[in-house]
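Examining the three-dimensional arrangement
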Amino acid sequence: MPVSPGPSSALERLVTVTRTGGLAGRTSTLLVKGDGSWTRLDGQARPVGTGKLPADRVEKLRAALRQADFAHLPRIPKGGATIFDGFAYAFVHGGYEVAADQGSLTPGLQGVLDALPPFEAG
């Protein structure tokens, strides 16, 4: 019999996305919990920002995660255009890990990125 999520589900990690590369070659990670609270980490995994998404943005992120359909994505989507000095992303959600270069992002993964807080302050 399935167990319904309890109060702790708001504190569980909803999604983790790490972005690497770009012109500066930086690494940044976003950890978003079920209640919308988020933490930004630098390349040494040090916290460099926190915040909380409003309820409508949390729902937008949840919808994007459902639409991305992690269970049916290849672990590493291929076939997109090569973007020199572009970003590479690693997504972790619902027990699945997917890594994609900027040019190979599926529309669902792009939707997840669009719903996240910024990878850099400002």
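Located above this text is the structure these notes cover.
Residues numbered from 1 in each chain as written. Predicted model: local features only at pLDDT ≥ 70, side-chain atom pairs only at ≥ 80, totals over all residues. Heavy atoms only, no water.

A separate point is the nonpolar core. Core analysis: the biggest nonpolar cluster contains 25 residues, and Leu 61, Phe 91, Leu 109 and Leu 116 have the highest contact counts within it. Counting only elements with at least two residues in this core, the list comes to strand E1 (13-21), strand E2 (26-33), helix H1 (55-68), strand E5 (87-93), strand E6 (96-101) and helix H2 (107-115). Among the elements that take part in this core, H1 stands out by supplying 5 residues, more than any other. When residues no more than four places from it in sequence are discounted, the contact partners of Leu 109 are Ala 68, Phe 70, Leu 73, Pro 77, Phe 91, Val 98 and Ala 100. (Core = buried A, V, L, I, M, F, W, Y, C linked by side-chain atoms within 4.5 Å. Buried < 20%, exposed > 50% of the residue type's maximum accessible area, 1.4 Å probe, protein only. Helix = DSSP H or I, 4+ residues; strand = E, 2+ residues; numbered from the N terminus. Contact = heavy atoms within 4.5 Å.)

With that settled, consider the environment of Thr 39. Looking at where Thr 39 falls in the secondary structure, it is placed in strand E3 (residues 37-41). The partly exposed category is assigned to Thr 39, whose relative accessible area is 23%. When the C-alpha atoms of Thr 39 and Gly 51 are compared, they prove to be 6.7 Å apart, with 12 residues separating the residues in sequence. Those residues in contact with Thr 39, other than ones at most four positions away along the chain, are Thr 29, Leu 30, Leu 31, Pro 47, Gly 49 and Thr 50.

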